[in-house]
Amino acid sequence: FFFFQAEDGIRDFCLSRGLGDVYKRQAQISQISSEYTAVGWEPSAQILALGTSNGVIELWDSEKQKLMIAYRGHRDRIASLSWCNSSTFSSGSRDRQISTFDLRRPKNLFKWTEHKLEVCGLKWSPNEQMLALSLIHI
């Protein structure tokens, strides 16, 4: 069982309803999909990032409710997602790595691999200069 940060999951009623529709879609294609394990809204709420149990990050257009792109930047479950600004976000994983992606580039910008534990929480600072993280020992 995983939980999401309240501000990302219930930013407002309309967008939360859109997230529910994504979950319904996942249930309909569950034979070919993995579970969603992390969620993060892009600051303008135009893009919803969903992390999966198999290490894939899906970016969804919240207005069109269509998958835009899927990043394969981790080897295990995505545990956390945090947007820095409208084009850059970071992901933390059970594979003990943090990846930072830029929507303007096809591959991840940075990958930190020095962690000894699962990266279960990430949050960018409001000035976009620092990334806070939390680790969990299982």
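From a predicted model like this one, the values you see are computed outputs, not experimental measurements.

Participant: Before we go on, may I ask you to explain the environment of Asn85 in this structure?
Facilitator: Positionally, Asn85 belongs in the loop between strand S5 (78-83) and strand S6 (88-93). The exposure class of Asn85 is buried, given its relative accessible area of 18%. In this structure Asn85 touches Pro43 and Glu128, once residues within four positions along its chain are discounted. Here Thr88 takes part through its backbone nitrogen, which lies 2.9 Å from a polar atom of the side chain of Asn85. In terms of polar contacts, Asn85 uses its side chain to reach the side chain of Glu128, at 3.3 Å.

Participant: Please explain the pairing of strand S4 (residues 66-72) as it appears in this structure.
Facilitator: The side chains of a regular strand alternate between the sheet's two faces. As paired strands, strand S3 (residues 56-61) and S4 are joined by 6 bridges and run antiparallel to one another. From the neighbouring strand, Val56 faces S4, where its bridge partner is Arg72. Where S3 folds back on S4, the antiparallel hairpin that results is connected by 4 residues, among which Gln65 adopts a positive phi of roughly 55 degrees.

Participant: Please explain a positive patch on the surface as it appears in this structure.
Facilitator: Together, Arg75, Arg96, Lys111 and Lys116 give the surface a local cluster of positive charge. Tracing the sequence through the fold places Arg96 in the loop between S6 and strand S7 (98-102). Look at Arg96 and you get partly exposed, because its relative accessible area is 42%.

Participant: How should the packing of aromatic side chains be read in this particular structure?
Facilitator: We describe a pair of aromatic rings using the distance from one ring centre to the other and the angle between the two ring planes. Under the definition given, this model contains 4 aromatic pairs. Measuring from centroid to centroid gives 4.7 Å for Tyr71 and Phe101, while their planes differ by 40 degrees, and the two rings are tilted. Pair noted here: Tyr71 is in strand S4 and Phe101 is in strand S7, with a separation of 30 residues, a long-range link. As far as burial versus exposure is concerned, Tyr71 and Phe101 are alike and both buried. Each ring, one from Phe89 and one from Phe101, has its centre 5.1 Å from the other, and the planes form 20 degrees; the classification is stacked. One end of the pair, Phe89, is in strand S6; the other, Phe101, is in strand S7, with 12 residues separating them in the sequence. Across this residue pair, the class does not change: Phe89 and Phe101 are buried. Through a chain of ring-to-ring contacts, the aromatic side chains of Tyr71, Trp83, Phe89 and Phe101 assemble into a single cluster.

Participant: Explanation requested: the nonpolar core in the structure shown.
Facilitator: In globular proteins that are soluble, nonpolar side chains generally tend to be buried together. Of all hydrophobic cores here, the largest spans 11 residues; its members are Ala38, Ile47, Ala49, Ile57, Leu59, Tyr71, Ile78, Leu81, Trp83, Phe89 and Phe101. If you list the elements that add at least two residues to this core, you get strand S2 (47-52), S3 and S5. For this core, the element with the highest residue contribution is S5, accounting for 3 residues.

Calculation criteria
Residues numbered from 1 in each chain as written. Predicted model: local features only at pLDDT ≥ 70, side-chain atom pairs only at ≥ 80, totals over all residues. Heavy atoms only, no water. Helix = DSSP H or I, 4+ residues; strand = E, 2+ residues; numbered from the N terminus. Buried < 20%, exposed > 50% of the residue type's maximum accessible area, 1.4 Å probe, protein only. Contact = heavy atoms within 4.5 Å. Polar contact = N/O pair within 3.5 Å; in protein donor to acceptor, adjacent residues only side chain to side chain. Pairing = 2+ DSSP bridges. Patch = residues over 30% accessible without salt bridge, like charges linked within 9 Å, V, L, I, M, F, W, Y side chains within 5 Å. Areas by Shrake-Rupley, 256 points an atom, 1.4 Å probe, with all protein chains shown as cover. Salt bridge = Lys/Arg side-chain N within 4 Å of Asp/Glu carboxyl O. Lys, Arg positive; Asp, Glu negative; His and termini not counted. Charge placed at Lys NZ, Arg CZ, Asp CG, Glu CD. Phe/Tyr/Trp six-rings, centres within 6.5 Å; stacked < 30°, edge-to-face > 60°. Core = buried A, V, L, I, M, F, W, Y, C linked by side-chain atoms within 4.5 Å.

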